[in-house]
Amino acid sequence: MLLCEATGIPTPSFRWVKDGKKLNWMGHNGSGNFTAHGDKPLSDYQGHYRCYADNTLGTAMTHTVKLITESTPTLPKQKRSHKTAEEGASVVLHCNPPRSSTIPHIHWMDKKLLHIGQSERVTTGLDGNLYFANVLKNDSRDDYTCNAQYISARTILPKEPISLTVTPSNDVARGRKPQLMQPQGPHSSHLALRGHSLVLECIPKGLPTPSVLWKRMDVNLSETGAWTDNHGRWLRFDSITQKADGEYECLASNTHGSVTHSYTVTVEAEPYWVKEPPSLLYSPGETVRLDCQAEGIPTPTVTWSINGEPVAEVDIDPRRRVTGGVLVLKDVVFGDTAVYQCEATNKHGNILKNTYIYVIELPAQILSSDGVVYQVTEGGVARLHCEAFGSPRPQVTWESEDLQNTLLSDSRVSQLTNGTLELFNSSREDSGVYTCSITHNNTSITAHLEVLKRTVMLIGPQAVQVTRGGDSWLDCHFTFDPHLNRPQILWRKDGQKIMESSLGDKYTLLGNGTLRVTDVQSADEGLYSCEVITDLDSVLASGSITVVACPSPPVFLSLSEEQDHNLTLSWTPGNTHNSPTTEFVVEVKEEKHPEGKWESHRVTGDVNHLELHLLPYSTYRFRVSGVNRLGRSNPSEISEAYSTLPTVPESYPLNVRSESTEPGTLVIMWEEIDRRLYNGSGFQYKVSWRQVQAHHWSHTHVPHPPYLVNGTRAFSSYEMKVQAVNSLGEGPHPVPVIGHSGEDYPLASPSKISVSVDNSSAIVRWQPVDTHTVQGHLLGYKIYLKRLGSQGGRKHREVREIKGGVERGTERKEERWVVEVDGNKTKEVVTGLKLYSLYELSMTTFNRKGEGPHSPTHPFRTPEGVPGPPASLDFESPSETELTLHWRPPTQPNGQLVGYVLQYQQISDSRNSPPQVEVIYDPTVTHLPLDGLDPHSRYVFYLRGRTSAGQGPPITRECATLLDGVPPSNISTVVGERSVNLSWVPGDRYRNHSFHIKYLSKTVGGKWEESEQVNTLQAFYSLTGLQPGTQYRLLITHGNYTHWEDEIQTTGPELRGVEGDFATQGWFIGLISAVVLLLLLLLVLCFIKRSKGGKYAVKDKEESQMDSEARPIKDETFGEYRSLESDGDEKRSVSQPSLCVESKLGSDDSLAEYGDSVDIQFNEDGSFIGQYSGRGPAPTGNESSGPASPVNLDPPPPPIGPSFAGILDRTS
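Reading the values: rules and limits
- Residues numbered from 1 in each chain as written.
- Predicted model: local features only at pLDDT ≥ 70, side-chain atom pairs only at ≥ 80, totals over all residues.
- Heavy atoms only, no water.
- Helix = DSSP H or I, 4+ residues; strand = E, 2+ residues; numbered from the N terminus.
- Buried < 20%, exposed > 50% of the residue type's maximum accessible area, 1.4 Å probe, protein only.
- Contact = heavy atoms within 4.5 Å.
- Areas by Shrake-Rupley, 256 points an atom, 1.4 Å probe, with all protein chains shown as cover.
- UniProt positions renumbered as here; feature names shortened; annotations may be inferred.
- Pairing = 2+ DSSP bridges.
- Axes fitted to C-alpha atoms, helices over the stretch in contact; angles between N-to-C directions.
- Polar contact = N/O pair within 3.5 Å; in protein donor to acceptor, adjacent residues only side chain to side chain.
- Salt bridge = Lys/Arg side-chain N within 4 Å of Asp/Glu carboxyl O.
- 1 Å grid on protein atoms, 1.4 Å probe; cavity = no way out; pocket = protein on both sides within 12 Å on 5 of 7 lines; lining within 4 Å.
- Points joined across faces, edges and corners; volume = space filled by probe spheres on them.
- Phe/Tyr/Trp six-rings, centres within 6.5 Å; stacked < 30°, edge-to-face > 60°.
- Disulfide = S-S within 2.5 Å.
- pLDDT = per-residue confidence, 0-100.

Draft legend 1. Fine view of the overall build of the chain. Per the secondary structure count, the chain includes four helices and 95 strands. Within the span of the chain, comprising 1212 residues, buried residues form 43% of the whole. Of all intrachain contacts in the chain linking residues separated by at least 6 positions in sequence, the fraction that spans at least 24 positions is 66%. Carbon and sulfur atoms form 51% of the exposed surface of the chain, whose accessible area is close to 65000 Å².

What follows is the structure, given as structure tokens:
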């Protein structure tokens, strides 16, 4: 059926023309549709048809329609075919469907009507054939069936099944270079029509299956609208445009090479309208201009017809002029009413336009409404309508409120032929009332114009770069006139509206117009525009999102032919994702050996190939990654395995050496060659050796080092070499190296040994041994030294540390040590010898095996020298002007001591006083009293030992005498219920002083009482036995005056009297008697203990550290220093150590070594009270200063008094 419908008044009639001849046809029910009848053969209807519709006002017609008739496609009788192919070869199964005006759809199926699987290897071509790039064993089957589907004929024609048998082949491992099965040749051309579809085909063969890459030669392929289909074998254009016109290339490649095919695509177009003439009413005398413009490739020709008759066949009229696509008709009359046809034609088709021209005469009237309000924004175009109707066409004029200015005199104002007034670039001053009237007629209307503020885009979307997976915000901030309704915000991406339904997870439109794009991916890349649309205007701003990400992996890895184990790896870069590739990382992995790892090579981003050196007898795989500023891409697909051919070894083992350790053996050792350098199977090491100056080489083959040669002489020289061999032959010959068999112990020791002594050092000289006696590499000599003792004739005694002091009288251990000397030397300086000592030495020779025999011993002695500093220097201050010095002999006398020299001088702020010198000629003296000293000054003391060689270095200390003590005056009290704790800080340089604390209860009948004796160095005392809630007066006197006093009140309730005096009760008297007896018993025990414990650990320690050879043998010991005067002199009996500074060269037992916790307390006999470990409570017992004080558990612990080290650091 051919359709033809038309409307008109009066109702039109229809007629059909076929091939230029009118058909004997009659329409039905006012329809012009043409229907074929069954009484004629279908072939009789084939031809070109055109339909005409007529009434009294004119004739319209359709464009020419070509009708093609053909019978239903059928298949001729066929024979079943059979094909045989080797594995890896390419195969084509032909379909050859029956020809038809419509292209059939081809379906390759099996006998179960299941589609044959399609892939890059198996593809259906545009011709319907089934192409195998290479066949596999499982491609063998006997039911390959081609089914041709003709959609227009509603027919499917199945062909006879094709049988394919694939036979095994040994050529599969070698592979095949790509070749093209379709299209043939290096180049092809294709013509496509605008708006139609086009498919370019590229079907390669090869082994492994080639990959296909499409590209446009001059622009990016994505700009053409093309996309790949059929597993990359087709490049398809849907609704092709002029942009697709150009050159294209298909690249098919595998690991063995590549092949290309170029295409020229030419895009032409059927005619299409650019401008069509409208149908209009005209009045007599007007001029009609019909403009008909069409485009196409090639350019179409335009022809005119009037009522279906070509203008050339119509009578000539001087009022009518035709120029190309323009028809002009002047001074029209009623008889010019007709249908005018414009037809554009080129080789691809034709198009036709019917335009109705009606000439009529009607009275003038204004069709537009009166009083219409027009709104426009600043800068916009205002259009005030005044449509007038009449024939002849009425003339209209416009006037504004300002009658002084003519509207049309303003360059911004123009009046259209239809009466509309256009006002461009409107401003707020243009607002007002405008009047439209018909010339020579009283008909008029008014129009009101309001000019509002225009909508302005403040901040529009920008061009942003977003990392893949991130979020992006595109702004759209604007202002608009408040008299307008809220504008509509319309976002578009690449010209396509972002629909409201898609504003979800991907897009979020915020209240201020901003568009948020989440999880940005490559598909989100493009041009984004924000359009703000009001009732009057709109504003548009555009931006873009560019997605930047790591590059896509490179593709199409290919390898060139191998030459001398070198080949070139090439690849096609992946998508850069808008960030240029800076470098490629080429990774190579050797897989034949288990230790093979990916090794990286780097090339710059503008290079897509790399020359690689491969090892023989290896299997490699390759992969490539791209790198840009955002990171590194995933690796490309790993290439197929590539194996290199074997060859003989190209290197020999390095570091060949002898590692012989036992006499009579030669151990040959070398560094093993990397397994990857074996270059073939059956790899071994060929070991060769011979004695130096021998002619014959001995050989053997071993799989790995070391190799042991037995039966050699000790330390014999051998030539050695190790060569790499495999099943293909021997590698390069190495240069022999010299090694030795195992070493043995040296046979001789150095001779002619002599010693030259210089104080504490000695020069040892000797004659070297004969090299033949070394039996190995001479490493050197060892000098064995032994100290036999001092030259004094008395045995030295060793001071050995023990817990709590020293132990005397043990024999000093012999001193032995060894000095190693390089084998090239014949003398050595031995240092660190002790003076005034006897030594002996011996020497040995040593090699790697060990030492030889010792030489005879050689005795020598060192001379006498000056002694070291005395071991200690301590002080005792019996009075304010006296000091007694106590010292211990030097620990290193370096000879026979003949005495000491003491030098001391007073220290003053202005200048030091002249030094005083005391010479002591008796070496057994270890103490010295000094008197007449200034109690207000400090002194520095230098004490030196003397031998016949001279004076040694001094021990130095600073010291001052102690002043007479006084009771404390700055006393702190802590009051309890039945006691009061008193604490004070003892004076820095004051000796210990005994005093009593007097206290008086201020109750009625209170009497003065006195505490036990208290020492100033106690720094704390607890006065007990007080009454709760009672006031007391405390008092300390010194001589005839009060030294300190205070008043306190004990805590707790005041005690009240009870009936009767319980002190007179019998039970109380018995209790008191028992307590007194118990106290007496305790006192007796304390006396017994103190009489037995007169010496303390400190004293023992000091006593034990004195050298037995240097101190006098008597019972006097340090720590029990007695008064130099009679024991009855009380002043001397309470002497104390003086205030002294640590010796600069002092011994280990000076008092200051015990730190800040040393108490300075003495008995009346001068012995120490307290312990070095810390300050304890005030001493008890009669030897101290009085009976023991009662123990009070309530008060807090006493403050810690000043340390002895602190006292030493203070000035006098």
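Next comes the rest of the write-up.
Draft legend 2. Summary view of the UniProt feature "transmembrane region" (unreviewed entry) in the chain. In the UniProt entry, the feature "transmembrane region" (unreviewed entry) is given for residues 1066-1088. Here residues 1066-1088 runs as 100% helix and 0% strand, with 34 Å between its end C-alpha atoms.

Draft legend 3. View of the sheet that holds strand 72 (residues 815-822). Strand order in the open sheet formed by four strands is 72-69-74-75, and the pairing between neighbours is antiparallel. At either margin of the open sheet sits one strand with a lone partner, and together these are strand 72 and strand 75 (858-861). Each neighbouring strand pair of the sheet contributes to a mean axis angle of 25°, computed without reference to strand direction. Across eight bridges, the pairing between strand 69 (residues 780-790) and strand 72 is antiparallel. Counted as the bridge partner of K782 is E820 from strand 72.

Draft legend 4. The arrangement of the side chain of T845 in detail. In this structure, T845 sits in strand 74 (residues 837-846). Classification of T845 as buried rests on a relative accessible area of 0%. At a separation of 3.2 Å, a polar atom in the side chain of T845 contacts the main-chain carbonyl oxygen of A748. Setting aside anything within four residues of it in sequence, one finds T845 in contact with P746, A748, S749, P750, V769, L778, G780, Y781, G850, E851 and G852.

Draft legend 5. Highlighting the pattern of salt bridges. Here the structure, examined in full by the defined rule, presents 39 salt bridges. Linking K506 and D524 is a salt bridge whose minimum nitrogen-to-oxygen distance equals 2.8 Å. Pair noted here: K506 is in the loop between strand 46 (496-497) and strand 47 (507-509) and D524 is in the loop between strand 48 (515-517) and strand 49 (526-533), with a separation of 18 residues, a long-range link. Overall, the relative accessible area of 24% leaves K506 in the partly exposed class. On the basis of relative accessible area, D524 is assigned to the buried category, the value being 6%. Several salt bridges share partner residues, and in doing so they unite D110, R141 and D143 into one network.

Draft legend 6. Expanded view of the layout of surface pockets. In this structure, the second largest pocket occupies an estimated 860 Å³ of space. I103, P104, I106, G125 and L126 are the residues nearest the centre of the second largest pocket, which is lined by 28 residues in total. Elements with a contribution of two residues or more to the lining of the second largest pocket: strand 8 (105-109), strand 16 (198-201) and strand 20 (234-237). The element that contributes the greatest number of residues to the lining of the second largest pocket is strand 8, accounting for four residues.

Draft legend 7. Spatial organisation of the sheet that holds strand 60 (residues 665-669). Spatially, the three strands line up as an open sheet ordered 59-60-63, and their pairing is antiparallel. Lying at the two open borders of the sheet, with one neighbouring strand each, are strand 59 (657-658) and strand 63 (707-710). Of the pairings in the sheet, the one linking strand 60 to strand 63 comprises four bridges and is antiparallel in character. Bridging from a neighbouring strand, I668 pairs with Y707 of strand 63.

Draft legend 8. Region of the structure containing the pairing of strand 90 (residues 1020-1023). Neither face of strand 90 is left uncovered, since the one carrying F1020 and S1022 and the one carrying Y1021 and L1023 both have all their residues buried. In this sheet, strand 90 lies alongside strand 85 (residues 980-983) in antiparallel orientation, the contact comprising four bridges. Considered in strand 90, the bridge of L982 is made with Y1021.

Draft legend 9. Broad picture of the packing of aromatic side chains. Applying the stated criterion across every chain yields a total of 24 aromatic pairs. Ring geometry for F132 and Y144: centres 5.9 Å apart, planes at 90°, overall edge-to-face. Of this pair, F132 sits in strand 10 (residues 130-132) while Y144 sits in strand 11 (residues 141-150), placing them twelve residues apart in sequence. Both residues of the pair, F132 and Y144, belong to the buried class. Ring centres 6.1 Å apart and planes at 85° place the aromatic pair W817 and Y839 in the edge-to-face group. Within this pair, whereas W817 is found in strand 72, its partner Y839 is found in strand 74, the two being separated by 22 residues in sequence.

Draft legend 10. Spotlight on the state of the cysteines. Following the criterion strictly, the structure yields six disulfides and no others. Here C95 pairs with C146 through a disulfide, and the sulfurs are 1.8 Å apart. Here C95 and C146 share a disulfide; its torsion about the S-S bond, -55°, makes the bridge left-handed. Of this pair, C95 sits in the loop between strand 7 (91-93) and strand 8 while C146 sits in strand 11, placing them 51 residues apart in sequence. Judged by relative accessible area, which is 2%, C146 ranks as buried.

Draft legend 11. The arrangement of the environment of K18 in detail. Assignment of secondary structure puts K18 in strand 1 (residues 13-18). When the C-alpha positions of K18 and Q46 are compared, they lie 9.3 Å apart, and in sequence the two are 28 residues distant. Among residues more than four places away in sequence, those in contact with K18 are L23, D44, Y45, Q46, G47, H48 and Y49.

Draft legend 12. Representation of the confidence of the model for the chain. Per-residue confidence for the chain gives a mean pLDDT of 83, with 86% of residues at or over 70. pLDDT under 50 marks residues 794-813. Its contacts with residues more than four places away, or in other chains, come to 41 contacts.

Draft legend 13. Broad picture of the environment of R946. Along the chain, the position of R946 falls in strand 81 (residues 938-947). The class of R946 is buried, set by a relative accessible area of 15%. Once the C-alpha coordinates of R946 and P893 are considered, the two residues, 53 residues apart in sequence, prove to be 8.6 Å apart.

Draft legend 14. Layout of the side chain of T862. Summarising the element assignment, T862 is placed in the loop between strand 75 and strand 76 (870-876). A relative accessible area of 2% means that T862 is categorised as buried. Here the side chain of T862 touches S837 through a polar contact of 2.8 Å, landing on its backbone nitrogen. When neighbours within four sequence positions are excluded, T862 is seen to be in contact with V757, N759, Q791, L833, K834, L835, Y836, S837 and Y839.

Draft legend 15. Structural detail: unusual backbone geometry. Going from I9 to P10, the amide bond is cis rather than trans, its omega being 0°. The omega torsion of the bond from Q182 to P183 falls at -5°, within 30 degrees of zero and hence cis. Residue placement: P183 occurs in the loop between strand 14 (176-182) and strand 15 (187-193). With a phi close to 55°, Y617 is a non-glycine residue in the positive phi region. Looking at where Y617 falls in the secondary structure, it is placed in the loop between strand 55 (609-613) and strand 56 (619-628). A relative accessible area of 27% means that Y617 is categorised as partly exposed.

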